[in-house]
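Below, each chain spelled out in residue letters.
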Amino acid sequence: MTTSVRDIREQGLGATLRRDAWWIQPLLTALVLGSFAIYATWAAWINRNYVWGPYLSPFYSPLINAGWWPLSPAFLILVFPLGFRATCYYYRKAYYRAFFLDPVACAVGEPRHDYRGETKFPFIIQNVHRFFMYAAVIFIFILSYDVFLATRWPVNGVLATGRVAEGPRQFGIGVGTLLMAANVILLACYTFGCHSLRHLIGGNVDCFSCARGGRARFQTWRGVSALNRNHQLWAWCSLFGVALTDVYIRLCAMGVIHDVRLF
């Protein structure tokens, strides 16, 4: 009697006929996402070393003074971009497989067989992804403004504390400026390639030429679709971009490294 893939999967977690190293991908995903979650929580919790000169860590942008909030203001900010990622269609697949092992991989046994979809708490909260997407788009413009500010260097130089000195400013670019700009580009590619945004623009249109503003809408939909085809790539690159930008600014603020002023 031939053993089917379904029969193997029903034998329990890890049962499979596959002979390749299928476990490497979910293991790496768990390590990377878990490490980022730990680092982001730590960076937000300590509430210091997030500003150097005109540079501001994306974890603390926009810079707010919440005296009524007992914790770091970063926790008020990160809830929006992290909510966007946590409810993202790609990231759902990634962390369901990595942390819940459900399914851990194609044609591999699962820990349970009573999947009901995202219809009950807490997974039904995933349906708010579109609303987090609106917030994520706003943050792209906020971070873009931070890049502009990162080109406004004080004529009198940066204070010993790492803060920007008061007085007139002049145009300048450092390595940190380029990192912040690259971070915004990667985040924009990830955000504007969102499945929800693609559906919002063209998901309810059967005929673009028949719709109001159809030509512009069609071109916008094509652009979003082009980014959406590499949504997984942008998801990972933007994740590393955010972390790298924060690490660079943090190390500059701590005096571990010195920013290189290009001009």
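Whatever comes next refers back to the structure up there.
Remember, predicted model here, so these are calculated numbers, not experimental data.

Parameters and conventions
Residues numbered from 1 in each chain as written. Predicted model: local features only at pLDDT ≥ 70, side-chain atom pairs only at ≥ 80, totals over all residues. Heavy atoms only, no water. Helix = DSSP H or I, 4+ residues; strand = E, 2+ residues; numbered from the N terminus. Buried < 20%, exposed > 50% of the residue type's maximum accessible area, 1.4 Å probe, protein only. Contact = heavy atoms within 4.5 Å. Areas by Shrake-Rupley, 256 points an atom, 1.4 Å probe, with all protein chains shown as cover. Disulfide = S-S within 2.5 Å. Salt bridge = Lys/Arg side-chain N within 4 Å of Asp/Glu carboxyl O. Axes fitted to C-alpha atoms, helices over the stretch in contact; angles between N-to-C directions. Parallel < 35°, antiparallel > 145°, perpendicular 65-115°, else oblique. Left-handed = near helix turned anticlockwise from the far one by under 90°. Nonpolar A, V, L, I, M, F, W, Y, C, P; charged D, E, K, R; others polar. Core = buried A, V, L, I, M, F, W, Y, C linked by side-chain atoms within 4.5 Å.

Draft legend 1. Region of interest: the overall build of the chain. Secondary structure assignment for the chain yields nine helices and four strands. Tracing the chain from N to C terminus, the helices and strands come up as α-α-β-β-α-α-α-β-β-α-α-α-α. Taking all 263 residues of the chain together, the buried fraction comes to 41%. A sequence separation of at least 24 residues applies to 71% of the contacts in the chain between residues at least 6 apart. Accessible area for the chain stands at about 15200 Å²; split by element, carbon and sulfur atoms hold 64% of it.

Draft legend 2. Summary view of the state of the cysteines. In the structure shown here, the tally under the stated rule is zero disulfides. Looking at Cys189, it has no disulfide partner, and the nearest cysteine sulfur is the one in Cys237, 9.2 Å off. Free of any disulfide, Cys194 has its nearest neighbouring cysteine sulfur in Cys88, separated by 6.6 Å. Overall, Cys194 belongs to the buried group, its relative accessible area being 1%.

Draft legend 3. Structural context of the pattern of salt bridges. In the structure shown here, the tally under the stated rule is one salt bridge. One salt bridge connects Arg250 with Asp246, and the closest N-O pair in it is separated by 3.2 Å. Here Arg250 and its partner Asp246 are both found in helix α9 (residues 231–254), four residues apart, which amounts to about one turn of the helix. As far as burial versus exposure is concerned, Arg250 and Asp246 are alike and both buried.

Draft legend 4. Structural detail: unusual backbone geometry. The linkage connecting Ser61 with the following residue, Pro62, adopts the cis geometry, with an omega of 5°. On the secondary structure map, Pro62 appears in the loop between β2 (55–56) and α3 (74–86). Even without being a glycine, Asn47 presents a positive backbone phi close to 60°. Considering the arrangement of structural elements, one finds Asn47 in the loop between α2 (24–46) and β1 (51–52).

Draft legend 5. Quick look at the packing of α3 against helix α5 (residues 129–149). Across the interface, α3 lies against α5 with an axial gap of 8 Å and an inter-helix angle of 120°. When the axis of α3 is compared with that of α5, the two are oblique. In the crossing of α3 with α5, the sense of the turn from one axis to the other is left-handed. Contacts between α3 and α5 pair Ile77, Val79, Phe80, Pro81, Gly83 and Phe84 from the former with His129, Phe132, Met133, Ala135, Ala136 and Phe139 from the latter. Grouping the constituent residues of the contact of α3 with α5 by class yields 10 nonpolar, two polar and no charged.

Draft legend 6. The arrangement of the nonpolar core in detail. Tyr55, Phe59, Tyr90, Tyr91 and Tyr190 are the most contacted members of the largest nonpolar core, which totals 48 residues. Ranked by the residues each element gives to this core, the list is headed by α9, at nine residues. Dropping the residues within four chain positions of it, Tyr91 is found in contact with Leu33, Arg85, Tyr190, Ala235, Trp236 and Leu239.

Draft legend 7. Spotlight on the environment of Ile201. Within the element layout of this structure, Ile201 appears in helix α7 (residues 195–202). Its relative accessible area of 14% is what places Ile201 among the buried residues. Here the alpha-carbon distance between Ile201 and Thr220, two residues 19 residues apart in the chain, equals 7.5 Å. In this view, Ile201 contacts Phe208, Arg217, Thr220, Trp221 and Val224; residues no more than four positions away in its chain are not counted.

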